[in-house]
Amino acid sequence: MKSLYIILICILLFGSCGLETAGPDYQSDLVIASNFLQAKDTIHYKGFEKRTGINVKILNLSVDSIQKLLKSKGYNSKIDLVFLNSLSAVKDLETGFFHRFKYNVAKKGISFYKPILENKWLVAGIDPFVFSYFQDSIERPTNYNQLTKGFLWATPNEDNLNVFLAHIKYNLRKNGFREWEQNFKQNQVIYDEGTDSLASIQFLFSKESDIKSDPRLNKQKRRVISYPTGNSDCPFADRYCIALVDQSLNFYNAERLIKYIHFYGRIPASFMIKPFPKKDKEGNCYFSMSEKAILSVLKKTTTNQWITH
């Protein structure tokens, strides 16, 4: 009887060991699909990798490619997180594949972010629309409206102006947007890329990332960046956003990276990404136009409706 009892204990012990090894086999990799991060940008995630032992991989893909991959392979796409650099890109991605954060988690647990679209997207930074020029004695504009009144401008990336025009359209409503846009476009000149040794010396209007991510423009020591005023004396800005693929292969590792960015204070990238400003008593500039309002205008306006040359 005693021998039988010992055998039963051994069976239970081995059985419990078997259940333990059959548990979740968490992967050591984490895959980010992004339309602005490059594979080489994994170097900026070394701090996270050293702290957690999780290897970060970055797939640089267009929004269309991310959409097709999620649609064709669903949760087997091997994508864990999606990082996008524009609300225009967020508009083009269906939200059905993304995890919905609980309200209390989004508001308190990861308060660095601003949750939008039913808490399926997290706003993780801003990309202001800026002026960039060489310091000289020539008069320069200080607000966006002046670009419609005689100041010539060029842009290194015209596709990035959709969100800016959405700001203008929302604020003007039906009172003069078409005339404003026509005057704005009439003052646009062709962007001169310059050469490797001498980059463009033009007055530029663009998102701040266009200037800071361009190695030729970034090397120009005399080129400055200024922040024009829009509503409430604030610059207009696009948003950097993050989404977590629901039931992804490395779901819990992805959550750890989201929390790491929360404590780190910004998205790790090759250039400084400004965090979304929080309300305080120090006079920080707040954005008068919500992400919901911007997305609403973008959804009502197709790309070919914006005036082009």
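Refer to the preceding data block for the structure.
If you're wondering where the values come from, they're calculated on a predicted model, not measured in any experiment.

Caption draft 1: Quick look at the pattern of salt bridges. One pass over the full model with this rule turns up 14 salt bridges. With its nearest N and O atoms 3.1 Å apart, the salt bridge here joins Lys71 to Glu94. Here Glu94 lies in the loop between helix 4 (87-92) and helix 5 (103-109) and Lys71 lies in helix 3 (residues 63-73), a separation of 23 residues in the sequence. Judged by relative accessible area, which is 51%, Lys71 ranks as exposed. A salt bridge links Asp92 to Lys91; the nearest nitrogen and oxygen atoms lie 2.6 Å apart. Classification of Asp92 by relative accessible area gives partly exposed; the value is 41%. Residue Lys91 is classed as partly exposed on the basis of its relative accessible area of 28%. Residues joined by salt bridges that share partners form a network here, namely Lys114, Arg239 and Glu291.

Caption draft 2: Up close: the environment of Phe112. Considering the arrangement of structural elements, one finds Phe112 in the loop between helix 5 and strand 4 (114-116). On the basis of relative accessibility, which here comes to 10%, the residue Phe112 falls in the buried class. Sequence separation of Phe112 and His262 is 150 residues, and the distance between their C-alpha atoms is 5.3 Å.

Caption draft 3: Representation of unusual backbone geometry in the model. One non-glycine residue, Glu118, adopts positive backbone phi at about 60°. Tracing the backbone through its elements, the reader meets Glu118 in the loop between strand 4 and strand 5 (121-134).

Caption draft 4: Quick peek at the pairing of strand 5. Counting buried positions over the 14 residues of strand 5 gives 14, a clear majority of the element. Inspection of the sheet shows strand 4 paired to strand 5 by 3 bridges, in the antiparallel sense. Residue pairing in the sheet places Ile116 in a bridge with Trp121 of strand 5. Where strand 4 folds back onto strand 5 in an antiparallel hairpin, the turn is made up of 4 residues, including Leu117, whose phi is positive at roughly 50°. The pairing of strand 5 with strand 8 (residues 237-244) spans 6 bridges and is antiparallel. Residue pairing for strand 8: Asp127 is matched across the bridge by Asp238. In this sheet, strand 6 (residues 204-207) lies alongside strand 5 in antiparallel orientation, the contact comprising 4 bridges. Note on strand 6: the bridge partner recorded for Val130 is Ser206. In terms of strand pairing, strand 5 meets strand 7 (residues 223-226) through 4 bridges, oriented antiparallel.

Conventions and cut-offs
- Residues numbered from 1 in each chain as written.
- Predicted model: local features only at pLDDT ≥ 70, side-chain atom pairs only at ≥ 80, totals over all residues.
- Heavy atoms only, no water.
- Salt bridge = Lys/Arg side-chain N within 4 Å of Asp/Glu carboxyl O.
- Helix = DSSP H or I, 4+ residues; strand = E, 2+ residues; numbered from the N terminus.
- Buried < 20%, exposed > 50% of the residue type's maximum accessible area, 1.4 Å probe, protein only.
- Pairing = 2+ DSSP bridges.

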